[in-house]
Amino acid sequence: MNFDFTAEQEMIRRTIREFAEEEVAPGALERDRKKEFPLEVFRKLADMGMMGLPFPEKYGGGGADTISFAIVTEELSRACASTGITYSAHISLGGAPLHLFGTEEQKQKFLVPICTGETFGAFGLTEPSAGSDAGGTRTTAVEENGEFVINGNKCFITNASYAKHLALTAVTGEKDGKKEISAIIVPTNSNGFTVINNYEKMGLNASNTTELVLEDVRVPIEHMLGKRGEGFKQFLVTLDGGRIGIGAMAVGIARAAYEKALQYAKERKQFGKSISQFQAIQFKLADMAMKIELARNMVYKAAWLKDQGRPFSKEASMCKLYASEISMEVTDQAVQIHGGYGYMKDYHVERYMRDAKLTEIGEGTSEVQRMVIARLIGC
Amino acid sequence: MNIFVLMKRTFDTEEKITISGGIINEDGAEFIINPYDEYAIEEAIQVRDAHGGEITVISVGNEESEKQVRTALAMGADKAVLINTEDDIENGDQFTTAKILAEYLKDKEVDLILAGNVAIDGGSGQVGPRVAELLNIPYVTTITKLEIDGSNVTVVRDVEGDSEIIETSLPLLVTAQQGLNEPRYPSLPGIMKAKKKPLDELELDDLDLEEEDIEAKTKTIEIYLPPKKEAGKVLEGEIADQVKELVRLLHTEAKVD
């Protein structure tokens, strides 16, 4: 057993923490208010070579490991969860499926610009009537003269307004009475492709969440990502990695809330002493610190397993489930500790609470995580 | 161009300093590259990128200093030398450090040496100038601008808020003041490559130095924290009375003669 970071992980942690504190945190409150995408932050992250972090150098990536990805996602999310989810989705939903299932040519064409930060990464899976239940997928891709003709709708798609291309799932046929689902890479500037950025969200206001409308969108057959009919299977593998990102994001938000609450509790005086001297507040803070530590350990364990090339689906679900639920608890208690001030936007903690809620929903709800874990423990 | 940067590992600026048993407590503290040395590293990178050459970062310290040295390599320095004095020196001072650095540098082909203006811990600002003296090369401290044209160098120097322009020539030692540049964050590729860059670890023996050659010229008598800040006093009443009262307090309480 060894709980130490490697020299690289440690240096990445220091660098990204300093960057997040100096370049990401200062505008977080304002971006949330104005629903402003953190483009400038990402331009700088691209300059630092962070946009292709876990991908091989030959595609312009950084060649770093999944633990480093978790470190970066946690630190960015601590400063601004919208930035954190944008980054996590960019890497684990946008880049990862191309890296895992793309042909060499597809990687050169589509993964390289993701690694350099020339485009954001996105992934089109969710539909109005299909999320974790792939059977509900209604988007279709029909072969015609060496092309796919794609029709359908996608919803809640992260980063698509800033993506030059994205992989999406579509029904490409039927086999034994079951829908055959494949993944196809589609340039977002294709004729008939519309990206609608019009949601009014509870939180993560500075992140980009979109609807996609595809009307007779034509792409060459070569744009098929991975094997025909394996789109959903590939998507499950992709999501395993994505869950580590959401877990890290949840830890980052929880840590931000805990740190603000601890600081406030030490400064706020009532009945002649700081409220951090009251056991009622101390116990809340102790629980927060403990839960964050446990959640982070689970995130690191899932990431470590992935880096070792071992199965990690169960641990990825566990880390995502646990981290997101404690993130909700911790942010809720941080607002509570702040009292009336906590309800005010200027004190940040209400934003953390709104942002944390998404981590219990995105990339598989808590209920779906429990289904995954139950299946993997042999139920 | 052969560029050298003198770098020190210091306490993180956000650390709360505590003293136990008459020495500063380092347990659990975070350490960083001395912020002024970061300007020196950044400037070295910019000079190298513009004029070519190689940057060597040198640090006198202990095993732990490797982290900061690697960070300098991640920022873009080409190689590094860590002179580990942990086993040889118990009480060093600026003379000690300068002597060791000069001993290392004396037979190197040096064009430019950059250092921080001061280290934020000891704050003496002496090591840079002392090294230059020992090497018998010119030096300019607290610089905010550096222009190199062939072997001619134009330096802008911060003099208590004003600027002084100095013309000099290579080889040269300069110390960096805030405002010289904006140090970059190490890039991810830089971080991943840092481990593969050459880092020489030396001890006093390797420099043919004996402990008595570098014995400290100063002695630390006592280390103590500054007195706790007390509540201020706001004077009230007519201005003339306030002035009188202020003068009286300066005499009696602040003991100004």
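Keep in mind the model is a prediction, meaning the values are calculated, not measured.

Scoring rules and cut-offs
Residues numbered from 1 in each chain as written. Chains lettered and ligands numbered in written order. Predicted model: local features only at pLDDT ≥ 70, side-chain atom pairs only at ≥ 80, totals over all residues. Heavy atoms only, no water. Contact = heavy atoms within 4.5 Å. Buried area = accessible area lost by both parts, 1.4 Å probe. Salt bridge = Lys/Arg side-chain N within 4 Å of Asp/Glu carboxyl O. Helix = DSSP H or I, 4+ residues; strand = E, 2+ residues; numbered from the N terminus. Buried < 20%, exposed > 50% of the residue type's maximum accessible area, 1.4 Å probe, protein only. 1 Å grid on protein atoms, 1.4 Å probe; cavity = no way out; pocket = protein on both sides within 12 Å on 5 of 7 lines; lining within 4 Å. Points joined across faces, edges and corners; volume = space filled by probe spheres on them. Nonpolar A, V, L, I, M, F, W, Y, C, P; charged D, E, K, R; others polar. UniProt positions renumbered as here; feature names shortened; annotations may be inferred. Core = buried A, V, L, I, M, F, W, Y, C linked by side-chain atoms within 4.5 Å. Pairing = 2+ DSSP bridges. Right-handed = clockwise from strand over helix to strand, strands pointing away. Domains from an automatic or database assignment. Polar contact = N/O pair within 3.5 Å; in protein donor to acceptor, adjacent residues only side chain to side chain.

Novice: How would you explain the interface of chain B and chain A if you had to name every residue and give the values?
Specialist: Between chain B and chain A, the residue contacts involve 16 residues of the former and 17 residues of the latter. Between chain B and chain A the total buried area reaches about 1,500 Å² when both faces are included, carbon and sulfur atoms providing 62% of it. Joining chain B to chain A, the criterion identifies four salt bridges. Ionic pairing is found between B:Asp12 and A:Arg14, a salt bridge with its closest N-O pair at 3.6 Å. Counting residues per element, the side of chain B that touches chain A draws most heavily on helix H5 (residues 188–194) of chain B, which supplies five residues.

Novice: Help me get a handle on helix H2 (residues 66–75) of chain B, residues and values and all.
Specialist: Residues and elements named next belong to chain B. For H2, the buried fraction is high: eight of the 10 residues fall into the buried class. Of the residues making up H2, those classed as buried are Gln68, Val69, Arg70, Thr71, Ala72, Leu73, Ala74 and Met75. Gly76, located one to two residues past H2, shows a positive phi value of around 145°.

Novice: So what about empty space enclosed by the protein? Which residues, and what values?
Specialist: Any empty space left between atoms is shown by rolling a water-sized probe over those atoms. Residue and element names in this part refer to chain A. Enumeration over the complete set of coordinates arrives at one cavity of 30 Å³ or more. In this model, the largest cavity occupies a volume close to 40 Å³. Every residue along the wall of the largest cavity is listed here: Ala28, Asp32, Cys80, Ala81, Ser82, Asn205, Ala206, Arg351 and Asp355. Residue assignment for the lining of the largest cavity shows that the elements contributing at least two residues are helix H2 (28–34), helix H5 (81–101) and helix H10 (349–359). Looking at the lining of the largest cavity residue by residue, the classes come out as four nonpolar, two polar and three charged.

Novice: Give me the UniProt feature "domain: Electron transfer flavoprotein alpha/beta-subunit N-terminal" (unreviewed entry) in chain B: which residues, what numbers.
Specialist: Residues annotated by UniProt as "domain: Electron transfer flavoprotein alpha/beta-subunit N-terminal" (unreviewed entry) correspond here to residues 21–211 of chain B. Structurally, residues 21–211 of chain B is divided into 29% helix and 31% strand, and its ends, taken at the C-alpha atoms, are 26 Å apart.

Novice: Give a detailed account of the environment of A:Arg43, specifying residues and quantitative values.
Specialist: With respect to the helices, strands and loops of the structure, A:Arg43 is situated in helix H3 (residues 39–47). Here the alpha-carbon distance between A:Arg43 and A:Glu118, two residues 75 residues apart in the chain, equals 9.0 Å.

Novice: Could you give me a rundown of the nonpolar core, with the residues and numbers involved?
Specialist: Within the largest apolar cluster, 130 residues are counted, with the highest numbers of intra-cluster contacts made by A:Tyr87, B:Leu112 and B:Leu146. Excluding anything up to four places from it in sequence, B:Leu112 contacts B:Asn2, B:Ile3, B:Phe4, B:Val47, B:Leu146, B:Ile148, B:Leu170, B:Leu172 and B:Val174. Counting residues in hydrophobic clusters, the runner-up holds 25 residues, among them B:Ile58, B:Ile83, B:Ala98 and B:Ala132.

Novice: Can you explain the pairing of strand E7 (residues 79–84) of chain B? Please cite residues and give values.
Specialist: Looking down a regular strand, the side chains alternate between one sheet face and the other. Residues and elements named next belong to chain B. Where burial is concerned, most of E7 is hidden: five out of the six residues are buried. In the sheet, strand E6 (residues 54–61) pairs with E7 via six bridges, with the strands oriented parallel. Considered in E7, the bridge of Val60 is made with Ile83. Handedness of the β-α-β unit built from E6, H2 and E7 comes out right-handed. Bridge count between E7 and strand E13 (residues 199–202): four bridges; the pairing is parallel. Bridging across to E13, Ala80 finds its partner in Leu199.

Novice: Summarise the pattern of salt bridges; cite the residues concerned and give the values.
Specialist: Counted under the stated rule, the structure contains 48 salt bridges over all chains. Across the pair A:Arg13 and B:Glu30 runs a salt bridge, and its minimum N-O distance is 3.9 Å. Of this pair, A:Arg13 sits in helix H1 (residues 7–24) while B:Glu30 sits in the loop between strand E4 (23–24) and strand E5 (31–33), on two different chains. Exposure remark for A:Arg13: the relative accessible area of 13% places this residue in the buried category. Exposure remark for B:Glu30: the relative accessible area of 28% places this residue in the partly exposed category. Between A:Asp355 and A:Arg351 there is a salt bridge, and its shortest N-O distance comes to 3.9 Å.

Novice: Can you lay out the domain arrangement of chain A for me, pointing to particular residues and giving the numbers?
Specialist: Bring the parts together and some accessible area is lost; that lost area is often taken as the interface size. Residues and elements named next belong to chain A. Assigned domains within chain A: domain 1 (7–116), domain 2 (123–229) and domain 3 (233–377). Relative to domain 2, the C-alpha centre of domain 1 lies at a distance of 23 Å. On the side of domain 2, 16 residues touch domain 1, which itself brings 23 residues to the contact. Taken together, both faces of the contact between domain 1 and domain 2 bury some 1,700 Å²; the carbon and sulfur share is 67%. At the junction of domain 1 with domain 2, the criterion picks out zero salt bridges. At the surface where domain 1 touches domain 2, the tally comes to eight residue pairs in polar contact (both at pLDDT 80 or more). Among the secondary structure elements, those contributing two or more residues to the side of domain 1 that touches domain 2 are H2, H5 and helix H6 (104–116). Per element, the largest residue contribution to the side of domain 1 that touches domain 2 is 10 residues, and it comes from H5.

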